[in-house]
Amino acid sequence: MDFTFTEEQQAAAEAAHGVFAGVAPDAVPSPALTPGAVADGFDRALWDRLAEADLLSLLLAEEYGGAGLDPIALCLVLRESAKVLARVPLLESVAAAAAVQAYGTGELKDRVLPRAGRGELVLTVAAHGRTGHDPAELAVTARQDGRDWLLDGTQTTVAWAYDADLVVVPARTPADRTVLAVVPREAAGLSLAEQFSTSGERLGELRLDAVRIPARDMIDTPGAWEWLRHLLATGTCALALGLGEQVLSMTSAYASRREQFGHPIATFQAVAVQCADRYIDLCAMEAALWQAAWRIGSGTPGALPAAADVAVAKIWASDGVRRVVQTAQHLHGGFGADVDYCLHRYHAWAKHLELSLGPAAAHEDTLGDLLAAHPLG
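Residues numbered from 1 in each chain as written. Predicted model: local features only at pLDDT ≥ 70, side-chain atom pairs only at ≥ 80, totals over all residues. Heavy atoms only, no water.

**Let's talk about the pattern of salt bridges**
Part 1: Within the structure shown, the criterion is met by 23 salt bridges.
Part 2: Residues R115 and E120 are paired through a salt bridge, measuring 3.6 Å at the closest nitrogen-oxygen approach.
Part 3: When salt bridges with common partners are traced through the structure, they connect R79, E80, K83, E245 and E286 into a single cluster. (Salt bridge = Lys/Arg side-chain N within 4 Å of Asp/Glu carboxyl O.)

**Re the pairing of strand β6 (residues 190–196)**
Part 1: Where β6 and strand β7 (residues 202–214) come together, seven bridges link them in antiparallel fashion. What sits directly across from A193, in β7, is E205.
Part 2: Between β6 and the antiparallel strand that follows it, β7, lie five residues; G200 among them carries a positive phi value of about 90°. (Pairing = 2+ DSSP bridges. Helix = DSSP H or I, 4+ residues; strand = E, 2+ residues; numbered from the N terminus.)

**Considerations on the pairing of strand β3 (residues 148–159)**
Part 1: The pairing of strand β2 (residues 140–145) with β3 spans six bridges and is classified as antiparallel. Pairing of D145 across the sheet is with D148, part of β3.
Part 2: In this antiparallel pair of consecutive strands, β2 and β3, the connection spans two residues, and G146 shows a positive phi of 70°.
Part 3: Both β3 and β7 contribute to a ladder of nine bridges, which runs antiparallel. Of the residues in β7, the one forming a bridge with G153 is L208.

**Here we look at the side chain of S199**
Part 1: In this fold, S199 is placed in the loop between β6 and β7.
Part 2: Of the polar contacts made by the side chain of S199, one reaches the side chain of S197; its length is 3.1 Å.
Part 3: Discounting residues that sit within four places of it in the chain, S199 has contacts with P31, V38, A348 and W349. (Polar contact = N/O pair within 3.5 Å; in protein donor to acceptor, adjacent residues only side chain to side chain. Contact = heavy atoms within 4.5 Å.)

**Considering the packing of helix α7 (residues 269–298) against helix α8 (residues 306–332)**
Part 1: Interaxial distance between α7 and α8 falls to 8 Å at its minimum, and their mutual angle equals 155°. Classified by the interaxial angle, the pair formed by α7 and α8 is roughly antiparallel. Regarding α7 and α8, the two cross each other, and that crossing is left-handed.
Part 2: Here the contact of α7 with α8 is built from residues that sort into 18 nonpolar, five polar and five charged. (Axes fitted to C-alpha atoms, helices over the stretch in contact; angles between N-to-C directions. Parallel < 35°, antiparallel > 145°, perpendicular 65-115°, else oblique. Left-handed = near helix turned anticlockwise from the far one by under 90°. Nonpolar A, V, L, I, M, F, W, Y, C, P; charged D, E, K, R; others polar.)

**What to know about the nonpolar core**
Part 1: Counting residues in each nonpolar core, the largest one holds 96 residues, and the members touching the most others are F20, L50, L228 and L243.
Part 2: Sort the elements by how many residues they give to this core and helix α6 (residues 224–257) lands first, with 15 residues.
Part 3: Among residues more than four places away in sequence, those in contact with L243 are A82, L85, V321, V325, Y346, W349, A350 and L353.
Part 4: Counting 21 residues, the second largest nonpolar core, distinct from the first, contains V140, V158, V167 and A171. (Core = buried A, V, L, I, M, F, W, Y, C linked by side-chain atoms within 4.5 Å. Buried < 20%, exposed > 50% of the residue type's maximum accessible area, 1.4 Å probe, protein only.)

**Regarding the packing of α6 against α7**
Part 1: Where α6 contacts α7, the axes come no closer than 9 Å and their chain directions differ by 155°. Between α6 and α7, the crossing angle belongs to the class labelled roughly antiparallel. Seen from above, α6 lies across α7 with left-handed handedness.
Part 2: Residues belonging to the contact of α6 with α7 are distributed by class as follows: 17 nonpolar, four polar and three charged.

This is how it looks when you write it as structure tokens:
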């Protein structure tokens, strides 16, 4: 079995590294000092550079101006973005566009995908349900009214809701089917209420009151929402991995400089063992991530559904990134909480990623259900 990345995947990672090389993690006010959002919107200049590097169209087919790559390539790019806390809706927009490509109508694809790949349209996904703990597809109802659909309900903590042009909203029909609605942010009956992440980013509570959506903007293919949810969860794991790698690097550099009793603290066994434990966490996070990305990208069958690999990846990502930043804070001492030093920002982002799309415990429940339904013989 070959675990190396393809030339195309490596090229995407290298391009991302070049684009993110000049990004400063502390380019906006600290979330520790800002009662509201750290900024009004995302980093549009960085977004334009991503578009110029063709990184927003990674998963799109050539006919839509894309490179036709897979989720592994996207995760490589996301990994680089998290190292600098890049403030762009890269995961949400690319994943939503990929779902439209895989399951949308021809008219919807032609209207959305070329512009999304060029960065002219920003997409996001309402993925957290009413409370952040219940299934997102149960938070909104969709019923047909003539040739259109009407949407009612509320979705919480929608990332980049105030910046997106289109929001992909999962909803439940009276026939107990899950559909996806591609909803313009300016649609009549749609309203937003401000919410804020631990990272200081502005989120939105999305409220839908009889929002009318034409049939051409609905995706009713079975499995579409499950595939999109898996891609979002796997992308979140890639972000957690990149963040964790950067934090461990910062910690190693600090421990090599900081001296106690005439020696760098990195030479103390207790410090070295903690760093080694966190390195093992990152290795496990990475292995689980590539397994999940490969399963959802290739569709290769296994002893368990791909959902199990996604659950394992998210369990490791949630628990692992929390342990990495906690150890980093401990080994930095009081310096780790200094708002003039970036570590506290990484800690805030890590908490957001840990809980996004469900904490480890939620995915452990999912994995348990899958193991019960698919006994391993």
